[in-house]
Amino acid sequence: EMVPVAFWAWVTKEVKSKHPNVIFIAEIYNPSLYKDYIFTGGFNYLYDKVGLYDALRRLIEGHGNVEDITRVWQNESGDYANHMLRFLENHDEQRIASKEFAGDPFKALPAMALSAFLHNGPLMPYFGQEHGVNPTRAEGFQGDDGRTTIFDYWGVEEVAAWNNDGKWNLSKLKSEQKELRKAYQEIVKTASTHEA
């Protein structure tokens with residue numbers, strides 16, 4: 001959001017004229033600017049960070065208020081609700097399973113279901129979230145902060161187990177990882193195939 005809307009209005013139109021299937025996603029943390037960046041700036045989606053993510057994180061950690069969900073639902077209903085990208089993990093945030101967040105990846109399942117069913121916008125399970133990625137030590141320059149490093153070449157053990165030397169199967173996943181993965185699959189499948 002530090003780049004003016006007028007620039008984005010020009011550049012998104014230029015790119016889409018040559019590559020119409022390109023999807024633009026922005027991190028805009030000022031809700032008063034959402035409509036401008038979507039309808040003038042040409043963004044398809046905005047990360048729903050200061051609305052739904054922040055409200056759900058507080059609830060998952062045990063110090064939120066369900067009225068926050070109502071507020072988000074009311075504020076984001078209408079003409080831009082389906083332009084909000086819902087998520088519980090991303091490259092900037094602490095992983096759900098980490099001690100810095102919930103300490104248990106299963107605690108996020110109700111929040112993930114709510115994210116999937118609240119509106120019809122996109123839902124983003126982040127890299128390994130469905131396997132309960134839990135960074136437990138310093139990862140290069142990132143340090144030990146509950147995040148997966150984006151600054152270093154680093155392995156993500158839970159994803160490596162799923163990769164299983166290129167076989168991409170469940171045989172190296174622990175039973176709780178399989179259970180978590182199945183729960184995420186059910187949420188995504190139900191959200192994409194059933195209308196409320």
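All of these numbers come straight from a predicted model, not from anything done at the bench.

(A) Representation of the sheet that holds strand S1 (residues 25-26) within the structure. Spatial strand order, S1-S2-S3-S4: 4 strands in an open sheet with parallel pairing. Edge positions in the sheet fall to S1 and strand S4 (123-124), since each of these pairs with one other strand and no more. Two elements, strand S3 (residues 84-87) and S4, share 2 bridges in a ladder whose sense is parallel. Bridging across to S4, Arg 86 finds its partner in Leu 123.

(B) Expanded view of the pattern of salt bridges. Using the criterion set out here, one finds 13 salt bridges in the structure. Residue Glu 61 pairs with Arg 57 through a salt bridge whose shortest N-O separation is 3.1 Å. Arg 57 gets classed as buried once you look at its relative accessible area, which sits at 13%. Across the salt bridge formed by Arg 181 and Glu 130, the nearest N and O atoms sit 3.8 Å from each other.

(C) Quick peek at the nonpolar core. Within the largest apolar cluster, 26 residues are counted, with the highest numbers of intra-cluster contacts made by Leu 88, Ile 96 and Tyr 184. Broken down by secondary-structure element, the contributors of at least two residues to this core are helix H3 (49-60), helix H4 (67-76), S3, helix H5 (109-118) and helix H7 (175-193). Looking at this core element by element, the count peaks at 6 residues for H5. In contact with Tyr 184, other than residues within four places in its own chain, are Ile 96, Ala 108, Leu 109, Met 112, Gln 129 and Glu 130. Membership of the second largest hydrophobic core comes to 11 residues, among which are Val 5, Ile 28, Tyr 37 and Leu 46.

Parameters at a glance
Here, residues in each chain are numbered from 1, in the same order as that chain's written sequence. Local features in this predicted model are restricted to residues whose pLDDT is 70 or higher, and side-chain atom pairs enter the listing and the counts only when it is 80 or higher, whereas totals over whole chains, interfaces and linings include all residues. Values reported for side chains reflect all heavy atoms of the structure, with hydrogen atoms and water molecules removed beforehand. Here a strand pair is declared whenever DSSP counts at least two bridges between the two strands. Strands are runs of DSSP state E lasting at least 2 residues, helices are runs of H or I lasting at least 4, and numbering of each runs from the N terminus. Here, a salt bridge means any Lys or Arg side-chain nitrogen found within 4 Å of an Asp or Glu carboxyl oxygen. Three labels apply to residues, based on accessible area from a 1.4 Å probe with only protein chains included: buried if under 20% of the type maximum, exposed if over 50%, partly exposed otherwise in between. Side-chain atoms within 4.5 Å link the members of a nonpolar core, which is a set of buried Ala, Val, Leu, Ile, Met, Phe, Trp, Tyr and Cys residues. Pairs of residues are marked as contacts when any of their non-hydrogen atoms sit within 4.5 Å.

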